[in-house]
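Chains, contacts and geometry: an overview
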2 protein chains.
Amino acid sequence: MSGSIPFSCHPENCMLASAAVLRRNLFLIKCLDGFSCRSHSQRMQGTQSAAVPAVEADAEKIIQMITPALDPIRYKGQAGKIAVIGGCREYTGAPYFAAISALKIGADLSHIFCTKDAATVIKSYSPELIVHPVLEESYSVRDDEKASVSAKVLSEVGKWMERFDCIVVGPGLGRDPFLMDCVKDIVKHARQASIPIVIDGDGLFLITNNLDLVSGNSLAVLTPNINEYKRLVEKALGCEVNEKDGSYQLQLLSTKIGGVTILRKGKSDFISDGEAVHCVSTFGSPRRCGGQGDILSGSVAVFSSWARHHLLIANGTIGKSLSNPMVLGCIAGSALLRRAAAFAFQDKKRAMLTTDIIEYLGKSLEEICPAD
Amino acid sequence: MSGSIPFSCHPENCMLASAAVLRRNLFLIKCLDGFSCRSHSQRMQGTQSAAVPAVEADAEKIIQMITPALDPIRYKGQAGKIAVIGGCREYTGAPYFAAISALKIGADLSHIFCTKDAATVIKSYSPELIVHPVLEESYSVRDDEKASVSAKVLSEVGKWMERFDCIVVGPGLGRDPFLMDCVKDIVKHARQASIPIVIDGDGLFLITNNLDLVSGNSLAVLTPNINEYKRLVEKALGCEVNEKDGSYQLQLLSTKIGGVTILRKGKSDFISDGEAVHCVSTFGSPRRCGGQGDILSGSVAVFSSWARHHLLIANGTIGKSLSNPMVLGCIAGSALLRRAAAFAFQDKKRAMLTTDIIEYLGKSLEEICPAD
């Protein structure tokens, strides 16, 4: 499973970077000399090359390590309680995909906090989910009620918050301004309560315009696709995406946002918390139907919760460069989705949809990490 | 299937128990000398040991005895009419799981009484259920209408009550104060009408704070999980849960609440009506996803109805210690859920969810008690 991806970095290509950013780049390059993401031969040569190869993660080993044993003495909730913040008048599938994926991987409880309009539909998709119709959009709130409704939304979500092992913000959230303001408060609340958070979809739109919401939060994961990543790079680094030095730029981006973990989705998935760049490039499926990112966000939420617990009891035995539970969660989630997508594609070919992938999450995990 | 579980009792360990409770303990220990839950050798020795071993129930034999033969001469309703009181703005899966499980085991009719919000969704899960949108939550009732709405709710549920062989109170009930007050009236009404009642989930929250609602009701079953049991013990016995003397404490708890049947859920399930302690410890599944308790409550409702009918026509031939239909229903429900969960886990492994277990209820019952 191991191998290095030939991404290298040239900060001078980052045409719009400020002088401060360039100074930071040079500092980073110097520091990176000893990092595990550099190849053995490069370290042996002691060169100051700007190349920062992403290392293919041993995802199967990571999944095997962090996935908890199924012990009959455990009780409901101990294998994970996940919440998804998302689902509005237009979008109901995305939060469902994220929440049901969490359960299919092995979480015990999966909640969704969405608007009233979305709730009835999401509930009807599956009786396994707990759906809270508490979010509101501008069209249903008068200007003079905004403050009180906003406070009520935060109170409704807040009273549940500390029960969750991780929250996923964004699947099917939409971009309604009032809703976005409420979600801002929820993200702040999660941070204050030290609840890990995975941000995807419209959550990334919110975060990109308010980087301070996650900056320096080591329990935050961003999972941008190609366009979301482009906006994030432009906003945080003030430059265009540099494919040639993609790995380095990702590392720099994470560092710039204070060590938040970023999972950059693509043909291969690249993951960095500013310390190293890990890569998951096992082949999944060539179908790009909507919803696969939602499976990923739910999966990352479960796996990072498990990794956090594993590291707590194992005292970080996975190794220094893999001591961040959010990074481990990203690697595991990415690898599992790819395996499940491969099975689903083999089965359904061009007709493969997101629900087909979800049906293969269990088989995929079983192959890597048998339940018995 | 038989064996004794080495739970023993030491009432002095119940640190916070009042003097009155301690006196009652000593009285109970004295009485217990001749009880069937003590081992043969202990009875032979005539010792006054505080040990109260829980006896593994012969659940298969019980299921075979109480499950009615399928006779073409019978008509709709004779195999059981069950109602679930539960389902609110947030929870719709739980009452569905309880009600559909009752049907899958063999009941003829399964009703749900829930809020308007929940009804549409629950109806959409299955056309097999009869769903009454009659409950109301505080947010939809003005203060000045509360008395009239409350009376209307009771009237709506009350006019159906006597048709049911058992009602299940609690799955997905939520904790809305107005709803809780209405359910209090329903529980009182069921008792007056001598309708057996199984109380789970949020119903246990209500009962724990109002023990008089069930105290002395021999037709009531409580099915607490680890946390619900903890609150019940604290409230009723004024002490902490004592794992070492778990069997004895369960018996004492049941006695304290006037002989109500308690099914304490866990790795093994322990059941007592104050007379003896029975245990079901056949292995089910190590998954602890939410909803399994709802299957159990629906199952106990059906089996206890069948047991009640069986005891009526068989004049209690199962034996003195097993003459309580609610205890028989608990043993049968617990054993069937465990068997179905084992099948579902074998099939789905970590991806197993509650709906998967429900799909195996029929096969599990067929293996124990063939329909032909």
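Residues numbered from 1 in each chain as written. Chains lettered and ligands numbered in written order. Predicted model: local features only at pLDDT ≥ 70, side-chain atom pairs only at ≥ 80, totals over all residues. Heavy atoms only, no water.

**As for the overall build of chain A**
From N to C terminus, chain A includes 14 helices and 11 strands. Taking the contacts inside chain A whose residues are at least 6 apart along the sequence as the reference set, 68% of them involve residues at least 24 apart. A total of about 14700 Å² of accessible surface is found on chain A, and carbon and sulfur atoms cover 53% of it. (Helix = DSSP H or I, 4+ residues; strand = E, 2+ residues; numbered from the N terminus. Contact = heavy atoms within 4.5 Å. Areas by Shrake-Rupley, 256 points an atom, 1.4 Å probe, with all protein chains shown as cover.)

**Examining the interface of chain B and chain A**
At the junction of the two partners, chain B supplies 27 residues and chain A supplies 37 residues. A combined buried area of about 2800 Å² lies between chain B and chain A, and 58% of that area is made up of carbon and sulfur atoms. A per-residue breakdown of the area chain B buries against chain A is headed by B:Glu90, B:Arg288 and B:Arg350, which together make up 28% of the total. When the shortest N-O distance is used, the salt bridge between A:Glu156 and B:Arg89 registers 3.9 Å. For the pair chain B and chain A, the number of links is 15 residue pairs in polar contact (both at pLDDT 80 or more). For the side of chain B that touches chain A, the secondary-structure elements that each account for two or more residues are α4 (93-105), α5 (116-125) and α13 (354-359) of chain B. The residue makeup of the side of chain B that touches chain A, split by class, is 13 nonpolar, 7 polar and 7 charged. (Buried area = accessible area lost by both parts, 1.4 Å probe. Salt bridge = Lys/Arg side-chain N within 4 Å of Asp/Glu carboxyl O. Polar contact = N/O pair within 3.5 Å; in protein donor to acceptor, adjacent residues only side chain to side chain. Nonpolar A, V, L, I, M, F, W, Y, C, P; charged D, E, K, R; others polar.)

**Things to note about helix α4 (residues 93-105) of chain A**
All names here are of chain A. For α4, which comprises 13 residues, the first-to-last C-alpha distance of 18 Å matches the rise-based estimate of 18 Å (1.5 Å per residue) to within 8%. With 12 of 13 residues buried, α4 lies mostly within the body of the structure. Among all positions in α4, only Ala94, Pro95, Tyr96, Phe97, Ala98, Ala99, Ile100, Ser101, Ala102, Leu103, Lys104 and Ile105 are buried. Taken from the residues just after α4, Gly106 is the one with a positive phi, measuring 140°. (Expected span 1.5 Å × (residues − 1). Buried < 20%, exposed > 50% of the residue type's maximum accessible area, 1.4 Å probe, protein only.)

**Topic: the nonpolar core**
A general trend in soluble globular proteins is that nonpolar side chains are found buried together. Counting 131 residues, the largest nonpolar core has A:Leu129, A:Phe303, A:Ile331, B:Leu129, B:Phe303 and B:Ile331 as the members making the most contacts within it. In terms of residues, this core owes the most to one element, helix α12 (residues 325-348) of chain B, which gives 14 residues. Every residue in contact with A:Leu129, bar those within four places of it in the chain, is listed here: A:Tyr96, A:Ala99, A:Ile100, A:Leu103, A:Ser110, A:Ile112 and A:Ile122. (Core = buried A, V, L, I, M, F, W, Y, C linked by side-chain atoms within 4.5 Å.)

**Here we look at the pairing of strand β9 (residues 261-264) of chain A**
Residues and elements named next belong to chain A. Going residue by residue along β9, you find Thr261 and Leu263 tucked away on one face and Ile262 and Arg264 tucked away on the opposite face as well. Where β9 lies against strand β10 (residues 269-272), 3 bridges are found, and the strand directions are antiparallel. Each bridged residue has a counterpart across the sheet, and for Leu263 the counterpart in β10 is Ile271. Following β9, the chain reverses through 4 residues before pairing antiparallel with β10. (Pairing = 2+ DSSP bridges.)

**Thoughts on the relation of the copies chain B and chain A**
Placing chain B over chain A gives an RMSD of 0.1 Å and needs a rotation angle of 88°, together with 0.0 Å of translation along the axis. Here the copies are linked by what is in effect a four-fold axis. Taking C-alpha positions as reference, the residue of chain B nearest the rotation axis is B:Ser124, located at 4.6 Å. When the interface residues of chain B are mapped onto chain A, a mere 4% of them are again interface residues, pointing to distinct binding faces. (Least-squares fit on C-alpha atoms with pLDDT ≥ 70 in both.)

**Focus: the packing of helix α12 (residues 325-348) of chain A against helix α14 (residues 361-368) of chain A**
Residues and elements named next belong to chain A. Put simply, α12 and α14 touch, their axes get as near as 8 Å, and they point 115° apart. Between α12 and α14 the crossing geometry is right-handed. Where α12 approaches α14, its residues Leu336, Arg339, Ala340 and Phe343 are matched on the opposing element by Leu361, Lys363, Ser364, Leu365, Glu367 and Ile368. Looking at side-chain class alone, the contact of α12 with α14 contains 6 nonpolar, 1 polar and 3 charged residues. (Axes fitted to C-alpha atoms, helices over the stretch in contact; angles between N-to-C directions. Left-handed = near helix turned anticlockwise from the far one by under 90°.)

**So, the packing of aromatic side chains**
All chains considered together, the criterion is met by 10 aromatic pairs over all chains. The aromatic ring of B:Trp160 is capped on one face by B:Arg163, whose charged end is 4.3 Å from the ring centroid. (Phe/Tyr/Trp six-rings, centres within 6.5 Å; stacked < 30°, edge-to-face > 60°. Lys NZ or Arg CZ within 6 Å of the ring centre and 35° of its normal.)

**Considering the pattern of salt bridges**
All names here are of chain A. In total, this model carries 35 salt bridges over all chains according to the counting rule given. Glu234 is paired through a salt bridge with Lys230; the nearest N and O atoms lie 3.0 Å apart. Of the two residues, Glu234 and Lys230 both sit in helix α9 (residues 226-237), 4 residues apart, roughly one turn of that helix. Taking the relative accessible area as the measure of exposure, Glu234 reaches 30% and is therefore partly exposed.

**Regarding helix α10 (residues 246-256) of chain A**
In an α-helix, one turn spans 3.6 residues; hence positions three or four apart end up facing the same way. All names here are of chain A. With respect to burial, α10 is a largely interior element, 10 of its 11 residues being buried. If you check which residues of α10 are buried, you get Gly246, Ser247, Tyr248, Gln249, Leu250, Gln251, Leu252, Leu253, Ser254 and Thr255. Two residues or fewer after α10 comes Gly258, characterised by a positive phi angle close to 75°.

**Quick word on the pairing of strand β10 (residues 269-272) of chain B**
All names here are of chain B. On β10, burial covers both faces: Asp269 and Ile271 on one face and Phe270 and Ser272 on the other are all buried. Direction of pairing for β10 relative to strand β11 (residues 277-280): antiparallel, over a ladder of 4 bridges. From the neighbouring strand, Ile271 faces β11, where its bridge partner is His278. In this antiparallel pair of consecutive strands, β10 and β11, the connection spans 4 residues, and Gly274 shows a positive phi of 95°.

**Observations regarding the confidence of the model for chain A**
All names here are of chain A. In this model, chain A carries a mean pLDDT of 87, and residues with pLDDT of at least 70 account for 84%. Considering only residues more than four positions removed or in separate chains, one finds that residues 1-51, a stretch of pLDDT under 50, has 99 contacts. In the predicted assembly, ipTM is 0.84 and pTM is 0.86. (pLDDT = per-residue confidence, 0-100.)

**Considering the environment of B:Ala371**
Residue and element names in this part refer to chain B. Note that Ala371 resides in the segment after α14 (361-368). Judged by relative accessible area, Ala371 falls into the partly exposed class, the value being 40%. Considered as a pair, Ala371 and Arg74 are 297 residues apart in the sequence and their alpha carbons are 14 Å apart. Ignoring any residue separated from it by four or fewer positions in sequence, one finds Ala371 in contact with Leu70 and Glu366.

**Comments concerning the side chain of A:Thr115**
All names here are of chain A. Mapped onto the elements, Thr115 comes out in strand β4 (residues 109-115). A relative accessible area of 2% means that Thr115 is categorised as buried. In contact with Thr115, other than residues within four places in its own chain, are Gly87, Cys88, Arg89, Pro133, Leu135, Glu136 and Glu137.

**Considering the packing of helix α11 (residues 292-314) of chain B against α12(B)**
Residue and element names in this part refer to chain B. In the contact formed by α11 and α12, the axes pass within 7 Å of each other and the chain directions differ by 135°. Viewed along their axes, α11 and α12 adopt a mutual orientation that is oblique. Handedness of the α11/α12 crossing: right-handed. Each of Gln292, Ile295, Leu296, Ser299, Val300, Phe303, Ser304, Ala307, Arg308 and Leu311 in α11 lies in contact with α12, whose residues at this interface are Pro325, Met326, Leu328, Gly329, Cys330, Ala332, Gly333, Ser334, Leu336 and Leu337. Each residue belonging to the contact of α11 with α12 can be placed in one class, and the counts come to 13 nonpolar, 6 polar and 1 charged. (Parallel < 35°, antiparallel > 145°, perpendicular 65-115°, else oblique.)

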